[in-house]
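Survey of secondary and tertiary structure
Residue-level listing of the chains:
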Amino acid sequence: MTSPALLPPPGRRPRADPDLFPPPPRSARHRSRRGSRLLRLGDELSGAAADLLALAVPVDCVCCGAEDFELCAACDRHLRRLTRDPFRAETGAPALMDIGGRVLLPVVAAGVYREELAQALLSFKRHGQRQLRSSLGRALARAVLAAAGEDRAVCLVPVPTSSAAYLKRGFSPVHLLLAEVARATPGVPVADVLGKAGRAGLRLAGGQKGLGRGARAKRVRGSMKVCRRARARIAGRRCIIVDDVLTTGATLAEAARALHQAGAIVTGAVVLAATRPPDAGAAGADASGAAEATMT
Ligand SMILES: [Zn+2]
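Residues numbered from 1 in each chain as written. Predicted model: local features only at pLDDT ≥ 70, side-chain atom pairs only at ≥ 80, totals over all residues. Heavy atoms only, no water.

Structural notes on the overall build of the protein
Counting its secondary structure elements, the protein contains 11 helices and seven strands. Classification of the 296 residues of the protein by burial places 43% in the buried group. In the protein, the proportion of contacts linking residues at least 24 apart, taken out of those at least 6 apart, comes to 70%. Of the roughly 15600 Å² of accessible surface on the protein, a fraction of 54% belongs to carbon and sulfur atoms. (Helix = DSSP H or I, 4+ residues; strand = E, 2+ residues; numbered from the N terminus. Buried < 20%, exposed > 50% of the residue type's maximum accessible area, 1.4 Å probe, protein only. Contact = heavy atoms within 4.5 Å. Areas by Shrake-Rupley, 256 points an atom, 1.4 Å probe, with all protein chains shown as cover.)

What follows is the structure, given as structure tokens:
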């Protein structure tokens, strides 16, 4: 990786990754005039070298730390193995099952939220790396094809990102991944018709991490809608909802509710990764047991 000797001195304006090249003062304080001129030249050269390095050696593997690639070949292989066999995941999501164990919304997951899949997805959601996007996009495409079967008339509807999350990241991970899916599954249209419904949408901005099933469902209910202009596009059409991670299923259930209300026919959902809900232990042992059996 980058040798510390090549880092610009503190104070230089960072042009590359601010973590690698922190912003420091213009030149060192305790230098003689002659020395400072030489050192300034050194500073400039090292700044240029740092810029070159930032271009030539962008990152380490987000999973194992190996140099040079966002996702090294070995971890990419593991990722492919983890997402080779898309599976039905709704039994692990209490919001998608009724009390009698009947499936309210079938969900196909590309893989279980663990190991390379979890690490790559987490990093992608933070930084949107191009290489991760294509690897994860391909995995999601496999799940989409498994869910859609022969049905090419079905359209894909992404779950909307909260505006706060969008502002923070500057991109929507699900939408970026769907662009990859569209490349891999030509002929399957994307209908970006779901949006946030007023104040309820803002509530989503708080995030759902750490919330249990009931709290999530309550927070999400009524938070999405299909805007009036988009209704004509979706009414009477079969569609599959797409999201990144499945936990309790509350988000997907809300997306399905909003689409139903707009007259769409929701045939199911697809996620990149499925995990058991945080309160799986407290919820019915049957559901979590079934989820475990499906997911392993
Ligand atoms: Zn790796």
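A look at the sheet that holds strand β3 (residues 155-158)
Ordered in space as β1-β2-β7-β6-β3, the five strands form an open sheet in which the pairing is mixed. Both outer strands of the open sheet, β1 (87-88) and β3, are each paired with one neighbouring strand and no more. When β1 meets strand β2 (residues 107-112), the two strands line up antiparallel, connected through two bridges. What sits directly across from Phe87, in β2, is Ala109. In the packing of helix α4 (residues 130-148) onto the sheet, contacts are made with β2, β3, β6 (238-246) and β7 (265-274), and the angle to β7 comes to roughly 145°. (Pairing = 2+ DSSP bridges. Axes fitted to C-alpha atoms, helices over the stretch in contact; angles between N-to-C directions.)

Section: the coordination of the zinc ion
Every protein donor of the zinc ion is listed here as Cys61 (SG), Cys64 (SG), Cys72 (SG) and Cys75 (SG), and their distances to the metal cover 2.3 Å. Relative to the metal, the four donor atoms surrounding the zinc ion lie at angles of 102 to 118°, and the coordination shape comes out tetrahedral. Take Cys75: its relative accessible area is 5%, and that puts it in the buried class. (Donors = N, O, S within 2.8 Å, 3.2 Å for Na, K, Ca; no water. Tetrahedral: all angles 85-135°; square planar, octahedral: opposite > 155°, others 65-115°.)

Here we look at the side chain of Thr185
Looking at the secondary structure, you find Thr185 in the loop between α6 (173-184) and β4 (194-196). For Thr185, the contacting residues outside a window of four places in its chain are Ala141 and Leu145.

Comments concerning the pattern of salt bridges
Applying the stated rule across the entire model yields nine salt bridges. Here Lys125 and Asp244 are joined by a salt bridge, their closest N and O atoms 2.9 Å apart. Of this pair, Lys125 sits in helix α3 (residues 115-127) while Asp244 is found in strand β6, placing the two residues 119 residues apart along the sequence. Here Asp244 falls in the buried class, since its relative accessible area comes to 9%. (Salt bridge = Lys/Arg side-chain N within 4 Å of Asp/Glu carboxyl O.)

Some words on the confidence of the model for the protein
Per-residue confidence for the protein gives a mean pLDDT of 77, with 68% of residues at or over 70. Least confident of the elements in the protein is helix α11 (residues 285-295), whose mean pLDDT is 32; most confident is β7, at 97. Counting interchain partners and residues more than four positions distant, the pLDDT-below-50 stretch residues 1-32 has 52 contacts. Contacts from residues 277-296, a stretch scored under 50 in pLDDT, to residues over four places away or in other chains number 22 contacts. (pLDDT = per-residue confidence, 0-100.)

With respect to the nonpolar core
Counting residues in each nonpolar core, the largest one holds 34 residues, and the members touching the most others are Leu136, Leu156 and Leu272. Elements supplying a minimum of two residues to this core: α2 (73-82), β2, α3, α4, α6, β6 and β7. Here this core gets eight residues from one element, more than from any other, and that element is α4. Residues in contact with Leu272, not counting those within four places in the same chain, are Ala109, Ala110, Gly111, Leu117, Leu121, Leu136, Ala139, Leu140, Leu177, Asp243 and Asp244. (Core = buried A, V, L, I, M, F, W, Y, C linked by side-chain atoms within 4.5 Å.)

Re the pairing of β3
In β3, alternate side chains face the same way, and those of Cys155 and Val157 on one face and Leu156 and Pro158 on the other are all buried. Note: β3 against β6, four bridges, orientation parallel. Each residue of the ladder has a partner; that of Val157, found in β6, is Ile241.

Brief notes about the packing of α2 against α4
One can describe the packing of α2 onto α4 by two numbers: an axis separation of 10 Å at closest approach and a directional angle of 15°. With respect to each other, α2 and α4 are oriented roughly parallel. Considering only the axes of α2 and α4, their crossing is right-handed. Here α2 contributes Asp76, Leu79 and Arg80 to the contact with α4, which in turn contributes Ser135, Leu136, Arg138 and Arg142. A class-by-class count of the residues in the contact of α2 with α4 yields two nonpolar, one polar and four charged. (Parallel < 35°, antiparallel > 145°, perpendicular 65-115°, else oblique. Left-handed = near helix turned anticlockwise from the far one by under 90°. Nonpolar A, V, L, I, M, F, W, Y, C, P; charged D, E, K, R; others polar.)

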